[in-house]
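Geometric and topological summary
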Amino acid sequence: MQTINIHEAKTHLSRLVEQAAKGDSFIIAKAGKPLVKVIALNSPEPTQMKRTGFLTGQFQVPDDFDAMGADEIASLFGVER
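Residues numbered from 1 in each chain as written. Predicted model: local features only at pLDDT ≥ 70, side-chain atom pairs only at ≥ 80, totals over all residues. Heavy atoms only, no water.

Across soluble globular proteins, you tend to see nonpolar side chains buried next to one another. Counting 6 residues, the largest nonpolar core consists of I4, A9, L16, A20, F26 and I28. Elements represented by at least two residues in this core include exactly α2 (13–21) and β2 (26–30). (Core = buried A, V, L, I, M, F, W, Y, C linked by side-chain atoms within 4.5 Å. Buried < 20%, exposed > 50% of the residue type's maximum accessible area, 1.4 Å probe, protein only. Helix = DSSP H or I, 4+ residues; strand = E, 2+ residues; numbered from the N terminus.)

Right, let's get into unusual backbone geometry. The backbone of A31 shows a phi angle near 55°, a positive value even though the residue is not glycine. Mapped onto the secondary structure, A31 falls in the loop between β2 and β3 (33–38). Its relative accessible area of 78% is what places A31 among the exposed residues.

Moving on to the side chain of S25. Along the chain, S25 turns up in the loop between α2 and β2. Note on S25: relative accessible area 15%, which makes it buried. Sequence-distant contacts of S25, defined by excluding residues within four places in its chain, comprise M1, Q2, K37, V38 and I39. (Contact = heavy atoms within 4.5 Å.)

Here the focus is the environment of T3. Relative to the helices and strands, T3 is located in strand β1 (residues 2–5). In contact with T3, not counting residues within four places along its chain, are I27 and A29.

So, in structure tokens, the structure goes:
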């Protein structure tokens, strides 16, 4: 997320508001300290966003996942396998 100094935000307010309306939110800061976050009104609140399961079906965990790298890990601890 982009952080903009308050002076720059005043100068480019119209452009920044258009960006926020398109979904590209930003933070306005004063002397490097974040003050406000500007987001589009139709953006979901953080509490409304569904996070669980958003990658369902996008990848598969290998069957040998728990054993992957076991030899390398054992050698790091000086254990012979």
